[in-house]
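# Report on the structure
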Amino acid sequence: MSETKRTEFLAGERPDDVALFLADSFVSGDAIADYGESVSGGTLLIVSGETGRSVFQKATGMEAMNFAKRAMGTEGEIAADLSTGDCPEGDHDVEFVFAFAEEQNEEVGGLYAEGDVIHAYAYCECGTAFSQKWVAGDR
């Protein structure tokens, strides 16, 4: 994966793609590292939405949108580069992050009126799922 692909995703320019961060501790020895970009602590993949949801399920054993719904119930801090986060339940390591971009929608208002929005969902080693969203390029 190219750094340009990551930069475009984080700028909200790839709304048909999803991003997956998988910590080295979560996928150690897994061939998934061959398909993504090596980042501090793990591997970041940016792939088409359908492929990403399939890879997510294979890597985590969870259905992506069910996981996202679960994570929406708890707000937390996820790094702008999607490679880590601060678990709201304590000092634990993030095992994986699933993210997508949603295009600006002034009719919806709020954050969505300000620009493209990044939706990020993280899973911590303690089992806590949490989420954060922000306007692309603001962090």
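Right, let's get into the overall build of the protein chain. On a plain count of helices and strands, the protein chain comes out with five helices and eight strands. For the protein chain, the α and β elements follow one another from N to C terminus as α-β-α-β-β-α-α-β-β-β-α-β-β. Rg of the C-alpha trace for the protein chain: 14 Å, near the compact-globule value of 14 Å for 139 residues, within the 12% margin. Along the first, second and third principal axes, the C-alpha set of the protein chain runs to 45 × 35 × 25 Å. Counting over 139 residues, the protein chain shows a buried share of 46%. Considering only residue pairs separated by 6 or more positions, the protein chain has 59% of its internal contacts joining residues 24 or more positions apart. Surface exposure of the protein chain reaches about 7100 Å², of which carbon and sulfur atoms provide 41%. Here the protein chain carries 9 positive and 27 negative side-chain charges, and the mean point of each set is 6 Å from the other.

Turning to the confidence of the model for the protein chain, a few remarks are in order. Averaged over every residue, the pLDDT of the protein chain is 91; the share at 70 or more is 94%. Within the protein chain, helix H2 (residues 24-27) has the poorest average pLDDT of any element, 82, and strand S8 (residues 129-135) the best, 98.

What follows concerns helix H4 (residues 64-71). Because each turn of an α-helix spans 3.6 residues, side chains separated by three or four positions end up pointing in the same direction. Looking only at H4, the buried set comprises Ala64, Phe67, Ala68 and Ala71. Summarising the axial view, the buried residues of H4 lie within an arc of 100°, below the 170-degree limit, and thus occupy one face. Considering only its buried residues, H4 is in contact with helix H3 (49-60), strand S6 (94-102), strand S7 (117-124) and S8. Here H4 starts with a cap whose side-chain oxygen sits 3.1 Å from the backbone nitrogen of methionine 65, and that cap is glutamate 63.

On to the nonpolar core, then. Core analysis: the largest hydrophobic core is formed by 22 residues, its most contacted members being Phe9, Ala19, Ile78, Leu82, Val97, Ala120 and Phe130. Counting residues per element, the ones that place at least two in this core are helix H1 (3-10), strand S1 (17-23), strand S3 (42-48), S6, S7 and S8. Among residues more than four places away in sequence, those in contact with phenylalanine 9 are Arg14, Asp17, Val18, Ala19, Ile46, Leu82, Ala99, Phe100, Ala101 and Ile118. Formed by 19 residues, the second largest nonpolar core is a distinct cluster that contains Val18, Ile32, Ala64 and Phe67.

Let's shift gears to the sheet that holds S6. With antiparallel pairing, six strands are arranged side by side in an open sheet as S2-S3-S1-S6-S7-S8. Of all strands in the sheet, those with a lone pairing partner are strand S2 (37-39) and S8, marking the two edges. In this sheet, neighbouring strand axes are inclined to one another by 20° on average, regardless of whether the strands run parallel or antiparallel. Where S2 meets S3, three bridges bridge the pair, whose relative direction is antiparallel. When the sheet's bridge partners are listed, serine 38 is paired in S3 with threonine 43.

This brings us to unusual backbone geometry. Notably, leucine 82 is not glycine yet its phi reads approximately 70°, a positive angle. With respect to the secondary-structure elements, leucine 82 resides in the loop between strand S4 (77-78) and strand S5 (85-86).

The next point concerns the pairing of S1. A large share of S1 lies buried, amounting to seven of its seven residues. Where burial is concerned, the two faces of S1 agree: the one with Asp17, Ala19, Phe21 and Ala23 and the one with Val18, Leu20 and Leu22 are both buried. In this structure, S1 lies alongside S3, joined through seven bridges in antiparallel fashion. Residue pairing in the sheet places alanine 19 in a bridge with isoleucine 46 of S3.

Reading the values: the criteria
- Residues numbered from 1 in each chain as written.
- Predicted model: local features only at pLDDT ≥ 70, side-chain atom pairs only at ≥ 80, totals over all residues.
- Heavy atoms only, no water.
- Helix = DSSP H or I, 4+ residues; strand = E, 2+ residues; numbered from the N terminus.
- Rg over C-alpha atoms; globule rule 2.2 N^0.38 Å.
- Buried < 20%, exposed > 50% of the residue type's maximum accessible area, 1.4 Å probe, protein only.
- Contact = heavy atoms within 4.5 Å.
- Areas by Shrake-Rupley, 256 points an atom, 1.4 Å probe, with all protein chains shown as cover.
- Lys, Arg positive; Asp, Glu negative; His and termini not counted.
- Charge placed at Lys NZ, Arg CZ, Asp CG, Glu CD.
- pLDDT = per-residue confidence, 0-100.
- Arc of directions from axis to C-beta.
- Polar contact = N/O pair within 3.5 Å; in protein donor to acceptor, adjacent residues only side chain to side chain.
- Core = buried A, V, L, I, M, F, W, Y, C linked by side-chain atoms within 4.5 Å.
- Pairing = 2+ DSSP bridges.
- Axes fitted to C-alpha atoms, helices over the stretch in contact; angles between N-to-C directions.

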